[in-house]
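Here is what each chain is made of, one letter per residue.
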Amino acid sequence: MVAPDNVLVITRSVRIPFGELVYRASRSGGPGGQHVNRSATRVELRWNARTSPSLTDRQRERVLARLASRLDSTGTLRLTASSSRSQKQNRERVTARFQKLLADALRPPKRRKKTIVPAHVRRARREEKRRRAKRKAERRMSYDEE
């Protein structure tokens, strides 16, 4: 979802100006003959999460933690798209992937609901504990007799 004022809308509260995104085109690898060898259709998107003024400190912490495995040492996220023969389509795809990835990273984690262990499960565990204790006690008695 792109806002009219040259801003990429990530969530209701987060908007990234396109000026923060660095796009670079290069030649795609793989089969494809002369088209692959001649045209720069692969698109790479770079965005620095550590220095982005579009995030609050809390949002930045969450993004840096959630995307830690995808960021380099400077806090830069690098995504590429090369599935299409069109540079424009690859640019749109990599932008959409960035949008989704960042939106998912910013989503707060769900709170864990404590579950109540059913009474019959607690009873069964106590019964099993008693049976095991009895079995071990019987073993002790048989060793004492020897």
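Whatever comes next refers back to the structure up there.
Everything quoted here is computed from the prediction, not taken from an experiment.

Along its length, the protein carries four helices and six strands. For the protein, the N- to C-terminal ordering of α and β elements is β-β-β-β-α-β-α-β-α-α. Its C-alpha atoms give the protein a radius of gyration of 28 Å, more than 25% over the compact-globule value 15 Å for 146 residues. Its C-alpha atoms put the protein at 90 × 40 × 30 Å along the principal axes. Considering the protein as a whole, with its 146 residues, one finds that 31% of them fall into the buried category. Partitioning the intrachain contacts of the protein with sequence separation of at least 6 by distance along the chain shows that 56% fall at a separation of at least 24. With the model as given, the accessible surface of the protein reaches about 11,100 Å², and the carbon-plus-sulfur share is 50%. Counting 39 positive and 14 negative side-chain charges, the protein places the centres of these two groups 8 Å from one another.

Take the environment of Val 121 next. Within the element layout of this structure, Val 121 appears in helix H4 (residues 119–145). Relative accessible area serves as the criterion here: at 34%, Val 121 is assigned to the partly exposed category. Counting along the chain gives 17 residues from Val 121 to Glu 138, while the straight-line C-alpha distance between them is 26 Å.

Turning next to the pattern of salt bridges. Using the criterion set out here, one finds nine salt bridges in the structure. For Arg 24, the salt bridge goes to Glu 44, with nearest N and O atoms at 3.3 Å. With Arg 24 in strand S4 (residues 22–26) and Glu 44 in strand S5 (residues 42–48), this residue pair connects regions lying 20 residues apart in the sequence. The exposure class assigned to Arg 24 is partly exposed, which follows from its relative accessible area of 48%. On the basis of relative accessible area, Glu 44 is assigned to the buried category, the value being 3%. When the shortest N-O distance is used, the salt bridge between Arg 46 and Glu 44 registers 3.2 Å. Residues joined by salt bridges that share partners form a network here, namely Arg 24, Glu 44, Arg 46 and Arg 78.

This part covers a positive patch on the surface. A surface patch of positive charge is lined by Arg 122, Arg 123, Arg 125, Arg 126 and Lys 129. Tracing the backbone through its elements, the reader meets Arg 122 in helix H4.

Here we come to the sheet that holds S4. With antiparallel pairing, the three strands of this open sheet are ordered in space as S4-S5-S6. The strands lining the two open edges of the sheet, one partner per strand, are S4 and strand S6 (76–81). Sheet twist, expressed as the mean angle between neighbouring strand axes with direction ignored, is 20°. As paired elements, S5 and S6 share six bridges and run antiparallel to each other. Bridging from a neighbouring strand, Val 43 pairs with Ala 81 of S6.

Procedures and definitions
- For every chain, the first residue of the written sequence is number 1, and numbering continues from 1 onward in sequence order.
- Reporting in this predicted model follows two pLDDT cut-offs: at least 70 for local features of residues, and 80 or more for side-chain atom pairs to be given and counted; totals over whole chains, interfaces and linings ignore these cut-offs and use all residues.
- Values reported for side chains reflect all heavy atoms of the structure, with hydrogen atoms and water molecules removed beforehand.
- Secondary structure follows DSSP: runs of H or I at least 4 residues long count as helices, runs of E at least 2 residues long count as strands, and numbering of each begins at the N terminus.
- The reference for a compact globule is 2.2 Å times residues^0.38; the radius of gyration itself is calculated from the C-alpha atoms.
- Only protein chains enter the calculation, and the probe is 1.4 Å; a residue is then buried if its accessible area is under 20% of its type maximum, exposed if over 50%, and partly exposed in between.
- Contacts are assigned to residue pairs that have any heavy atoms within 4.5 Å of one another.
- Computed by Shrake-Rupley with a 1.4 Å probe, the accessible areas treat only the displayed protein chains as cover when residues are assessed.
- Counting rule for charge: Lys and Arg are taken as positive, Asp and Glu as negative, and neither His nor the chain ends is counted.
- Charged groups are reduced to one reference atom each: NZ for lysine, CZ for arginine, CG for aspartic acid, CD for glutamic acid.
- Salt bridges are defined as contacts in which a side-chain nitrogen from Lys or Arg sits within 4 Å of a carboxyl oxygen from Asp or Glu.
- Nonpolar side chains (Val, Leu, Ile, Met, Phe, Trp, Tyr) within 5 Å and like charges within 9 Å form the patches, drawn only from residues with over 30% relative accessible area and no salt bridge.
- Any two strands with at least two DSSP-identified bridges between them are counted as paired.
- Note on method: axes are straight lines fitted to C-alpha atoms, helices fitted across the in-contact stretch only, with angles between N-to-C directions ranging 0 to 180 degrees.

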